[in-house]
Amino acid sequence: MADQANPFESLQAQIDVAAEHVDVRPDILQRLKHPERVLETTLSVELDDGSIELFQAFRSQFNGDRGPYKGGIRYHPGVTRDEVKALSGWMAYKCAIVDIPYGGGKGGIVVDPKQYSESELERLTRSFAAELRPLIGEDRDIPAPDVNTGQREMNWIKDTYETLEGTTAPGVITGKALDSGGSEGRVEATGRSTMLTAREAFEWLGRDIADATVAVQGYGNAGSIAARLIDELGADIVAVSDSSGGIYDPEGLDAAAVAETKQETGSVVEHSAAERLSNDELLTLDVDLLIPAALENAIDKSLAEDVRADVIAEAANGPLTPGADRVLAETDTYVIPDILANAGGVTVSYFEWVQNRQRFSWTETRVNEELERVIVEAFDGLVEAYEQNDLQTLRTAAYVVAIERVVDAYMQGGNWP
Ligand code: NAD
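Everything quoted here is computed from the prediction, not taken from an experiment.

**Considerations on the nonpolar core**
Move 1: If you look at the biggest cluster of nonpolar residues, it comprises 90 residues, and the most contacted ones within it are Tyr93, Ile230, Leu289 and Ile291.
Move 2: Examining the composition of this core, we find that 11 residues originate from one element, helix H15 (residues 394-413), more than from any other.
Move 3: In terms of domain composition, this core takes at least three residues from each of domain 1 (36-170) and domain 2 (189-341).
Move 4: Excluding residues that lie within four positions of it along the chain, Ile291 makes contacts with Thr194, Val214, Ala215, Val216, Gln217, Ala226, Ile230, Ala313 and Ala315.
Move 5: Ala57, Leu124, Phe128 and Ile173 belong to the second largest nonpolar core, which has 22 residues in total.

See below:
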């Protein structure tokens, strides 16, 4: 079982490592390690039986130097203030590496949504949206989905905001359903960027992803779609898992069929014709490509010593602890960092926002082509920074590129007393 590294400390450690390779003043560096503001609020929500329950909720606005704060809202019992702060920082650097005009933000509610009815979740979401109203807006802070939230919650937040503001503002939130101003391609975008970065990494290493064996931890939005798209490239998805456990088939699973099983039964473990395996067994399988697509801290230092994959594509945010990172750097395991491997979600969120502002819709083909261009360009820039600076990891290269962009924007804006 992985240790519980504090994700905010992990973020700060990642920035410190990269800062050694960037010409940045120490006082400016401090700014890059702390959020600008964090809202902490207690939501009082009426349950179906008429009783009131309190829920703790957060929104962290990490850095707005490059544009409005941007980032998802997570519903999970493990949400903490430090987790939300870390996730907001990763968003700031993610937006910088793909060079879209946003800063970083993130929100979360401490809740296990499986324990509540749809009407309770709607009241909870609308209550949070009302608390967020002074902070968010099409040009201020633009939330999106994250773990355990999706189109339904985004539509509720948009409706609450628009009702309270007395206006229409579809660009206040992204990840909406198509009829509520969503974008073609948004649901698939995170997994698509994981597929694109893995494909590019294999090509860079002189290998063909079609020959790869792949294990995927977490089979939700990010993991199941990355698995399906990589399956479509010809690779063998040999193992997948979710919070109920994992399944393994050395001949290769049909990723789309496993997703259907999960949709119908609630878990991948119900998929027939496959052996069961634990999450730790999955993470240490002898595969070419490993995709952690669940939560933070999936792989710690001691588990990293047993990891046998050649390439890891971080679909999840923060799945490796800093200790795991150091071990994997020494064993020459290539880690495609989260801030690029899952950046497709925020990139297509940006396309959704652009379409909302223009009141004009793009085709799915256009969305996917623009996404591919952005991700491949960002991957090439990262490899260039890695090779030119002779860096130890692709993660450090990603932070070097991202930090330079955030610092440039800040310095060009000048200081405000
Ligand atoms: P999701 O809720 O759709 O899926 C999460 C999956 O992880 C589920 O299948 C769940 O069963 C599984 N899981 C949870 N704990 C697990 C464990 N201990 N072992 C194995 N599986 C476990 O969430 P998602 O949107 O796919 O997000 C997953 C990760 O991707 C998160 O780190 C999130 O921040 C990141 N991410 C998501 C998006 C997006 O657009 N959805 C964008 C960028 C990053």
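**Considerations on the side chain of Ser88**
Move 1: Considering the arrangement of structural elements, one finds Ser88 in helix H3 (residues 81-97).
Move 2: Owing to a relative accessible area of 0%, Ser88 belongs among the buried residues under this scheme.
Move 3: Ser88 has contacts with Ser60, Phe62, Gly104, Gly105 and Lys106, leaving out every residue within four places of it along the chain.

**Looking at the domain arrangement of the chain**
Move 1: Here the chain is partitioned into domain 1 (36-170) and domain 2 (189-341).
Move 2: Summing the contributions of domain 1 and of domain 2, the shared interface buries around 820 Å²; its carbon and sulfur component is 61%.
Move 3: Here domain 1 and domain 2 share one salt bridge between them.
Move 4: With a closest N to O distance of 2.7 Å, Arg74 and Glu296 form a salt bridge.
Move 5: If you list the elements that add at least two residues to the side of domain 1 that touches domain 2, you get strand E3 (69-76) and H3.

**Observations concerning H3**
Move 1: Look at H3: 25 Å from first C-alpha to last across 17 residues, which is about the 24 Å you get at 1.5 Å a residue.
Move 2: Across the 17 residues of H3, 15 count as buried, placing the element largely inside the fold.
Move 3: One or two positions beyond H3, positive phi appears at Asp99, with a value near 60°.

**Things to note about the sheet that holds strand E5 (residues 141-145)**
Move 1: Across the sheet, five strands lie side by side as E1-E2-E4-E3-E5; this open sheet has mixed pairing. Pairing within the sheet leaves two strands with one partner each, and these edge strands are strand E1 (37-46) and E5. Between one strand axis and the next, the sheet turns by 20° as a mean value, whatever way the strands run.
Move 2: Bridge count for strand E2 (residues 52-63) against strand E4 (residues 104-110) is six bridges, and the pairing is antiparallel. Note that in E4 the partner of Phe58 across the bridge is Gly108.
Move 3: Across the face of the sheet, H3 comes into contact with E1, E2, E3 and E4 while running at roughly 155° to E4.

**A few points about the pattern of salt bridges**
Move 1: Scanning the model with the defined rule gives 35 salt bridges in all.
Move 2: As a salt-bridge pair, Arg74 and Asp146 come within 2.6 Å of each other at their nearest N and O atoms. Residue Arg74 is located in strand E3, and its partner Asp146 is located in the loop between E5 and helix H5 (151-165); the two are separated by 72 residues in the primary sequence. The two residues Arg74 and Asp146 agree in class, both being buried.
Move 3: When the shortest N-O distance is used, the salt bridge between Arg192 and Glu188 registers 3.1 Å. Placement of the pair is Arg192 and Glu188 together in helix H6 (residues 186-204), with a separation of four residues, close to one helical turn.
Move 4: Through salt bridges with shared partners, a single ionic network connects Arg74, Glu83, Lys106, Asp146 and Glu296.

**Considering the environment of Ser44**
Move 1: In this structure, Ser44 sits in strand E1.
Move 2: Apart from residues lying up to four places away in sequence, Ser44 is in contact with Ile52, Glu53, Leu54 and Ser127.

**A short note on unusual backbone geometry**
Move 1: In this model, Asn297 sits at a positive phi of 60°, which is unusual for a non-glycine residue.
Move 2: Among the structural elements, Asn297 can be located in the loop between strand E10 (289-292) and helix H10 (301-304).
Move 3: One non-glycine residue, Asp390, lies in positive phi territory at about 50°.

**Concerning the site of the ligand**
Move 1: For the ligand, the set of nearby residues contains 23 residues, the closest of which are Asp146, Thr190, Asn221, Ala222 and Asn317.
Move 2: A distance of 2.9 Å separates an oxygen atom of the ligand from a polar atom in the backbone of Ala222.
Move 3: In this structure, an oxygen atom belonging to the ligand sits 3.4 Å away from a side-chain N or O atom of Lys262.
Move 4: A total of 830 Å² of accessible area belongs to the ligand in isolation, and the protein chains cover 82% of it.
Move 5: Breaking the shell around the ligand down by element, the ones donating at least two residues are H6, helix H7 (221-232) and strand E7 (236-242).
Move 6: Taken together, the residues that form the shell around the ligand break down as seven nonpolar, 11 polar and five charged.

Reading the values: the criteria
- Residues numbered from 1 in each chain as written.
- Predicted model: local features only at pLDDT ≥ 70, side-chain atom pairs only at ≥ 80, totals over all residues.
- Heavy atoms only, no water.
- Core = buried A, V, L, I, M, F, W, Y, C linked by side-chain atoms within 4.5 Å.
- Buried < 20%, exposed > 50% of the residue type's maximum accessible area, 1.4 Å probe, protein only.
- Helix = DSSP H or I, 4+ residues; strand = E, 2+ residues; numbered from the N terminus.
- Domains from an automatic or database assignment.
- Contact = heavy atoms within 4.5 Å.
- Buried area = accessible area lost by both parts, 1.4 Å probe.
- Salt bridge = Lys/Arg side-chain N within 4 Å of Asp/Glu carboxyl O.
- Expected span 1.5 Å × (residues − 1).
- Pairing = 2+ DSSP bridges.
- Axes fitted to C-alpha atoms, helices over the stretch in contact; angles between N-to-C directions.
- Near = heavy atom within 4 Å.
- Polar contact = N/O pair within 3.5 Å; in protein donor to acceptor, adjacent residues only side chain to side chain.
- Areas by Shrake-Rupley, 256 points an atom, 1.4 Å probe, with all protein chains shown as cover.
- Nonpolar A, V, L, I, M, F, W, Y, C, P; charged D, E, K, R; others polar.

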